[in-house]
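# Coordinate analysis (summary)
Each chain is listed here by its residues.
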Protein chains: 2
Amino acid sequence: MPQTLAPLLRKLESVAVLSEPERAAILALPVTVRQMRADHDIVRERDRPTQSCLVLDGWLCRYKILETGTRQIFSFHIAGDVPDLQSLFLNLMDHNLGSLVQSTVAFIPHDSIRALAVKFPRLAELFWRDTLIDAAIFREWIVGMGRRDAPSRIAHLLCELYLKQRAIGLARGYSCDFPITQAVLGDALGLSTVHVNRSLMELRGRGLITLEKHVLTILKWDELQGEGGFDPTYLHIEPLAVAA
Amino acid sequence: MPQTLAPLLRKLESVAVLSEPERAAILALPVTVRQMRADHDIVRERDRPTQSCLVLDGWLCRYKILETGTRQIFSFHIAGDVPDLQSLFLNLMDHNLGSLVQSTVAFIPHDSIRALAVKFPRLAELFWRDTLIDAAIFREWIVGMGRRDAPSRIAHLLCELYLKQRAIGLARGYSCDFPITQAVLGDALGLSTVHVNRSLMELRGRGLITLEKHVLTILKWDELQGEGGFDPTYLHIEPLAVAA
DNA sequence: CGGACAATTGATCTACCTCAAAATTGGTGG
DNA sequence: CCACCAATTTTGAGGTAGATCAATTGTCCG
């Protein structure tokens with residue numbers, strides 16, 4: 001399976017040009033590919049994983065379940081992401097990672113990632129950088145939950161998920177996949193399903209977006225961005241990503 | 001200034017035992033020490049820092065200002081923290097770092113941190129790990145903002161800040177410094193000052209805490225923890241920290 | 001074609017907000 | 001050491017975004 005790790009390579013190369021040995025070393029990583037059904041947990045709170053998971057296809061999310069049984073989602077992940085890279089140095093999982101839809105993932109043993117990092121410090125830097133962007137997204141998420149009302153919170157997330165997909169070539173014009181139900185959206189934004197629905201209708205009513213059959217289309221990018229107070233700086237998407 | 005970097009050393013050694021060369025290399029880092037008045041920005045959004053900042057004494061916080069002028073704080077930092085370590089690989093600041101009270105910080109050039117990381121991969125891991133914990137705290141913060149009401153959100157933060165201080169020996173019994181005004185607390189938790197005040201009174205009324213003259217005392221740890229749904233796992237504090 | 005899930009709508013309730021003022025507290029200069 | 005100012009904390013009184021509960025109406029898939 002020579003091209004299995006292509007999504008990872010593409011992501012790393014959107015930030016920096018890799019040397020041939022670096023590319024080769026990445027492609028030589030031992031992986032276990034696995035298909036997951038929708039709504040299936042990949043890693044759970046309190047687990048002590050010995051491998052991390054690269055998304056090849058599909059959508060994953062990370063979340064916690066509270067004592068009360070409510071769920072809080074704090075990230076969505078698509079091809080090229082390694083959502084639980086943090087388990088490389090934080091042995092004990094403090095949250096869950098699960099699939100939102102049917103997905104394909106590749107498991108990479110921690111040992112081989114560590115070996116890679118020691119041998120190629122620059123790759124270590126790129127992986128590290130990736131976890132830093134993860135944190136930057138969390139920060140922006142906090143800002144939204146603390147200070148934005150429901151419609152802007154939703155608008156902001158739509159902008160983010162659209163750009164994330166576009167950066168890896170998964171958008172078509174101003175459209176992209178959006179396999180997230182309103183209930184899931186509520187769990188991510190700290191809103192009730194009902195209120196998500198109403199806010200979404202407002203955005204549609206104002207002609208900013210279209211959202212049907214799990215496809216999002218942004219009709220008025222500038223206005224949607226304005227509504228969400230969205231400034232893409234925090235995603236740290238490099239010009240390289242666009243150039244490619 | 002042989003002991004300037006002691007807080008950093010103490011923090012790293014709470015996770016792993018360092019070799020003599022590693023200790024020496026850290027202590028040999030070139031630093032610029034600076035005193036800051038309260039409410040002073042150290043790094044601002046859009047800056048491109050060439051150094052990171054180690055807290056030696058005092059309290060810092062990271063925050064963003066929205067278009068509307070409101071502020072959202074997403075972290076507090078005390079001695080031993082390097083709040084803007086992420087600028088090592090994310091060149092452009094996407095938020096601000098400022099002092100909450102009079103503080104002492106040490107600036108360390110990125111170049112020398114990078115050199116240290118390449119030479120001692122294990123130190124790189126420890127720094128990396130630290131930024132991962134940063135992210136873990138953000139995740140928990142999101143859970144609180146999305147799913148906890150005001151009193152538990154506050155209770156949770158009190159637990160966190162108490163433990164953070166205790167882990168580096170800054171607590172006395174169940175008491176610790178708490179130089180955070182109710183307005184600042186509101187900016188951190190996405191609440192109005194008025195509501196922070198009322199929730200705080202409730203916690204006091206129920207005899208869980210005492211908070212006066214900028215000193216927090218936790219009277220009923222178990223109940224406060226219960227109120228906040230606080231599980232310290234996400235802080236990833238190692239047994240070593242307690243042993244020391 | 002039925003069953004399960006997802007979206008939509010209606011009605012009521014409440015946690016938290018805003019505005020406004022009063023009471024404390026802490027720091028500072030005389 | 002006291003008086004005074006500014007920043008905090010506290011209290012009161014509405015107002016509202018968003019929650020909850022409960023149906024109803026799609027929509028997709030086997």
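Everything numeric here is computed off the predicted structure, so don't read it as measured data. (Residues numbered from 1 in each chain as written. Chains lettered and ligands numbered in written order. Predicted model: local features only at pLDDT ≥ 70, side-chain atom pairs only at ≥ 80, totals over all residues. Heavy atoms only, no water.)

### What to know about the pattern of salt bridges
Pairing between side chains of opposite charge can happen when their charged atoms approach one another. Applying the stated rule across the entire model yields 38 salt bridges over all chains. Across the salt bridge formed by Arg-172 of chain A and Asp-177 of chain A, the nearest N and O atoms sit 2.7 Å from each other. The partner of Asp-231 of chain A in a salt bridge is Arg-46 of chain B, with the nearest N and O atoms 3.0 Å apart. Here the residue Asp-231 of chain A occupies a position in the loop between α8 (221-228) and α9 (239-243), and Arg-46 of chain B occupies one in the loop between β2 (41-43) and β3 (51-57), the pair thus bridging two chains. Assessed through its relative accessible area of 28%, Asp-231 of chain A is described here as partly exposed. Residue classification places Arg-46 of chain B among the exposed positions, given a relative accessible area of 51%. Salt bridges sharing common partners tie together Lys-11, Asp-81, Asp-130 and Lys-164 of chain A. (Salt bridge = Lys/Arg side-chain N within 4 Å of Asp/Glu carboxyl O. Helix = DSSP H or I, 4+ residues; strand = E, 2+ residues; numbered from the N terminus. Buried < 20%, exposed > 50% of the residue type's maximum accessible area, 1.4 Å probe, protein only.)

### Comments concerning the relation of the copies chain A and chain B
Relating one copy of the chain to the other takes a rotation about an axis and a shift parallel to that axis. Once turned by 180° and shifted 0.0 Å along the axis, chain A lies on chain B with an RMSD of 0.0 Å. Such a turn and shift between the copies fits a two-fold axis. Judged by C-alpha distance, Ala-135 of chain A is the residue of chain A that lies nearest the rotation axis, at 2.5 Å. In this assembly, 100% of the residues forming the interface of chain A have copies in chain B that are likewise at the interface, indicating an isologous arrangement. (Least-squares fit on C-alpha atoms with pLDDT ≥ 70 in both. Contact = heavy atoms within 4.5 Å.)

### Thoughts on the sheet that holds strand β5 (residues 71-77) of chain A
All names here are of chain A. One open sheet accounts for four strands, arranged β2-β6-β4-β5; its pairing is antiparallel. Of all the strands in the sheet, just β2 (41-43) and β5 have a single pairing partner and so form its edges. Geometrically, the sheet is characterised by an average inter-axis angle of 35° between neighbouring strands, direction not taken into account. Two strands pair when backbone bridges link them, and strand β4 (residues 60-65) and strand β6 (residues 96-99) are joined in this way by four bridges, in the antiparallel orientation. The residue bridging Cys-61 from the neighbouring strand is Gly-98, located in β6. (Pairing = 2+ DSSP bridges. Axes fitted to C-alpha atoms, helices over the stretch in contact; angles between N-to-C directions.)

### Some remarks on the protein's contact with DNA strand C
Among the 15 residues in the neighbourhood of DNA strand C, the closest are listed as Gln-182, Asn-197, Arg-198, Met-201 and Arg-204 of chain A. Sugar and phosphate atoms constitute 62% of the interface atoms of DNA strand C, taking the interface as everything within 4 Å of the protein. In the model, a phosphate oxygen of DNA strand C is placed 2.9 Å from a nitrogen or oxygen of the Ser-192 of chain B side chain. Put simply, the parts of the chain that give the surface near DNA strand C at least two residues each are α7 (193-205) of chain A together with α7 (193-205) of chain B. A class-by-class count of the residues in the surface near DNA strand C yields five nonpolar, six polar and four charged. (Near = heavy atom within 4 Å. Polar contact = N/O pair within 3.5 Å; in protein donor to acceptor, adjacent residues only side chain to side chain. Nonpolar A, V, L, I, M, F, W, Y, C, P; charged D, E, K, R; others polar.)

### Overview of the protein's contact with DNA strand D
Every one of the 15 residues lining DNA strand D counts as a neighbour, but Ser-192 of chain A together with Gln-182, Asn-197, Arg-198 and Arg-204 of chain B are closest to it. When the atoms of DNA strand D within 4 Å of the protein are sorted by group, sugar and phosphate make up 63%. At 3.0 Å, a backbone N or O of Ala-150 of chain A approaches a phosphate oxygen of DNA strand D. Here Arg-204 of chain B contributes a side-chain N or O atom positioned 2.8 Å from a phosphate oxygen of DNA strand D. At the level of secondary structure, the elements contributing two or more residues to the surface near DNA strand D comprise α7 of chain A together with α7 of chain B. Examining the composition of the surface near DNA strand D, we find that five residues originate from one element, α7 of chain B, more than from any other.

### Overview of the side chain of Ser-103 of chain B
Along the chain, the position of Ser-103 of chain B falls in strand β7 (residues 103-109). The class of Ser-103 of chain B is buried, set by a relative accessible area of 1%.

### Topic: the packing of helix α4 (residues 121-147) of chain A against helix α4 (residues 121-147) of chain B
In the contact formed by α4 of chain A and α4 of chain B, the axes pass within 9 Å of each other and the chain directions differ by 20°. Relative to α4 of chain B, the element α4 of chain A is oriented roughly parallel. Note on packing geometry: the crossing formed by α4 of chain A with α4 of chain B is left-handed. Residues Ala-124, Phe-127, Trp-128, Thr-131, Leu-132, Ala-135, Phe-138, Arg-139, Trp-141, Ile-142, Met-145 and Gly-146 of chain A of α4 of chain A form the contact with α4 of chain B, whose participating residues are Ala-124, Phe-127, Trp-128, Thr-131, Leu-132, Ala-135, Phe-138, Arg-139, Trp-141, Ile-142, Met-145 and Gly-146 of chain B. Its residues assigned to classes, the contact of α4 of chain A with α4 of chain B comprises 18 nonpolar, four polar and two charged. (Parallel < 35°, antiparallel > 145°, perpendicular 65-115°, else oblique. Left-handed = near helix turned anticlockwise from the far one by under 90°.)

### Comments concerning the interface of chain A and chain B
A common way to state how big an interface is: give the accessible area lost once the parts meet. Facing the 50 residues of chain A at the interface are 50 residues of chain B. In total, chain A and chain B occlude about 4400 Å² of area from one another, counting both sides; carbon and sulfur atoms represent 68% of this. Considering only the surface of chain A that becomes buried against chain B, Trp-128, Arg-139 and Arg-147 of chain A emerge as the three largest contributors, covering 20% of it. Run the count over chain A and chain B and you get 10 salt bridges. Two residues, Asp-94 of chain A and Arg-139 of chain B, come together in a salt bridge whose shortest N-O distance is 3.4 Å. (Buried area = accessible area lost by both parts, 1.4 Å probe.)

### Some details on α7 of chain B
All names here are of chain B. Look at α7: 18 Å from first C-alpha to last across 13 residues, which is about the 18 Å you get at 1.5 Å a residue. For α7, the complete set of buried residues consists of Val-196, Ser-199, Leu-200 and Leu-203. Down the axis, α7 shows its buried residues gathered within 105° of arc, on one side only. More than 90 degrees from the buried face of α7, the exposed residues found are Arg-198 and Gly-205. Residues of α7 that are buried in the fold lie against α5 (150-167), α6 (182-189), β9 (209-212) and α8 (221-228). (Expected span 1.5 Å × (residues − 1). Arc of directions from axis to C-beta.)

### Observations regarding the domain arrangement of chain A
Residue and element names in this part refer to chain A. Here the domain parsing of chain A yields domain 1 (2-134) and domain 2 (148-235). Inter-centroid distance (C-alpha atoms) of domain 1 to domain 2 is 24 Å. The interface of domain 1 with domain 2 comprises 13 residues on the first partner and 14 residues on the second. Of the roughly 1300 Å² buried where domain 1 meets domain 2, counting both sides, 66% is carbon and sulfur surface. A per-residue breakdown of the area domain 1 buries against domain 2 is headed by Trp-59, Phe-76 and Ile-78, which together make up 45% of the total. Between domain 1 and domain 2 we count two salt bridges in total. Counting every contact that joins domain 1 to domain 2 gives six residue pairs in polar contact (both at pLDDT 80 or more). At five residues, β5 tops the list of elements feeding residues into the side of domain 1 that touches domain 2. Of the residues in the side of domain 1 that touches domain 2, the class split is eight nonpolar, two polar and three charged. (Domains from an automatic or database assignment.)

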